[in-house]
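Each chain, letter by letter, is given below.
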Amino acid sequence: MNIPEFFNALYSEKEENKQTISVQSLSFDVLPPNEVIIKVHYTSLNYKDALSAKGLNHVTRSYPHIPGIDAAGVILDDSSNTFKRGDHVVVTGNDLGTNTFGGFGEIIRVPREWVIPLSQSMSLKQTMIYGTAGFTAMYGIERLTRELITPDSGPILVTGATGGVGSLAVFFLSKLGFSVIAATRKIEQRSFLEKLGAKKVIHSDEIINVSSSPLLSRKWAGAIETVGGSLLDAVLRQTQDKGAVACCGNILGKELETNIYPFILRGISLLGIDSAFCEFELRKKIWQQMAMINAELLPDSFHKVIYLDELEPEIDRILKGEQIGRVVLKH
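How would you explain the nonpolar core if you had to name every residue and give the values?
Residues Tyr130, Leu168, Phe172 and Leu298 are the most contacted members of the largest nonpolar core, which totals 54 residues. The element best represented in this core is helix α2 (residues 124–146), accounting for 11 residues. Setting aside residues no more than four positions away along its own chain, Leu298 makes contact with Ile129, Tyr130, Leu168, Phe171 and Leu196. Counting 24 residues, the second largest nonpolar core, distinct from the first, contains Phe7, Ile21, Phe104 and Leu329.

In structure tokens, the structure reads:
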């Protein structure tokens, strides 16, 4: 496999406060001088990618830029001699796709410590069906289990359950033997969530529209909470004694107004999930855990495969909150 002189990418440019995205052929020389060169076979679309592509929320500091926080592919070259040419690898998080040219390009060039060798039980496509969304979901589950939350502890709540992180959290938890309560505003997706393994599907308003009392009835042993804001507060107040809530989203806002009683009277834990800068050994362990759960067990409708020239409308869809399941990009 020779290193190509040019490669195709989704290129986001900003000129005079106008943001444009287009598929372009770029010179290999635009890539940063890192040790590992990877030919990307698959990537996936995440909300953060859409923000970066559209120049929103200061996700990316400077343009032009190639988004894509996920990449699965094959080693072309490694000056550190950590990997061999042809090795199958995955890169997620770190600075990929935010300020380092990312997986929406056919070639990436990254530091060796970002690169995870791929389990033989996972195909490149399966890796990107999971991607950062799956990694974040499994990281949250890992944190819950550190707090001694087991399937015998009681049901686990997943909020934002039709999104990428939420839907994979429902799937992983169910395959690991947990009873899952899926909360969503898209209640018409009940069948989709039940196919993923949810035992019960509720409208998110059932959680939020409750008394302002500092403590409420105990309803779940733990939660993967992807929404934030007032929903996170309500989830905390309804978590049972010695329970835990893994938090990884802020769709309803970055502010959290709550009270101390769930923590000092019920002994619950609030766990922050920062999947972008997870340390290498833990990142490797989480990918190994995901490899044990076959993506082929997901419903056929869970993901769709697209190509670069089909990506822009999908970016608009995810920003509008219309994406269900996962979008996988094949180069």
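For unusual backbone geometry, give the residues involved together with the corresponding values.
Peptide bonds are, in most cases, trans, and in most cases residues other than glycine have a negative phi. The omega torsion across Tyr63 and Pro64 is 10 degrees, close enough to zero to call that bond cis. If you trace the backbone, Pro64 turns up in the loop between α1 (47–53) and β4 (70–78). Backbone geometry at His58 places phi at a positive 55 degrees, although glycine is not the residue there. When you line up the elements, His58 lands in the loop between α1 and β4. Take His58: its relative accessible area is 76%, and that puts it in the exposed class.

An account of a nonpolar patch on the surface is requested, with residue identities and associated values reported.
Among the surface-exposed residues, Ile260, Tyr261, Ile264 and Leu265 lie close enough to one another that they form a single nonpolar patch of about 420 Å² accessible area. On the secondary structure map, Tyr261 appears in helix α7 (residues 261–264).

So, the sheet that holds strand β11 (residues 220–225): which residues are in play, and what are the values?
Taking strand neighbours across the sheet as the criterion, the six strands line up as β10-β9-β8-β11-β12-β13 in an open arrangement whose pairing is parallel. The open sheet has two free edges, formed respectively by β10 (200–203) and β13 (269–272), since each of these has just one partner strand. When strand polarity is set aside, the average angle formed by the axes of neighbouring strands in this sheet is 20 degrees. Summarising the sheet, β11 and strand β12 (residues 239–247) pair through five bridges and their orientation is parallel. Bridge assignment links Trp220 to a residue of β12, and that residue is Thr239. Taken strand by strand, α2 contacts β8 (156–158), β11, β12 and β13, and its axis lies near 150 degrees from that of β11. Its contacts with the sheet place helix α6 (residues 229–237) against β8, β11, β12 and β13, and it is angled at close to 155 degrees to β12.

Here is what the cut-offs are and how they apply
- Residues numbered from 1 in each chain as written.
- Predicted model: local features only at pLDDT ≥ 70, side-chain atom pairs only at ≥ 80, totals over all residues.
- Heavy atoms only, no water.
- Core = buried A, V, L, I, M, F, W, Y, C linked by side-chain atoms within 4.5 Å.
- Buried < 20%, exposed > 50% of the residue type's maximum accessible area, 1.4 Å probe, protein only.
- Helix = DSSP H or I, 4+ residues; strand = E, 2+ residues; numbered from the N terminus.
- Contact = heavy atoms within 4.5 Å.
- Patch = residues over 30% accessible without salt bridge, like charges linked within 9 Å, V, L, I, M, F, W, Y side chains within 5 Å.
- Areas by Shrake-Rupley, 256 points an atom, 1.4 Å probe, with all protein chains shown as cover.
- Salt bridge = Lys/Arg side-chain N within 4 Å of Asp/Glu carboxyl O.
- Pairing = 2+ DSSP bridges.
- Axes fitted to C-alpha atoms, helices over the stretch in contact; angles between N-to-C directions.

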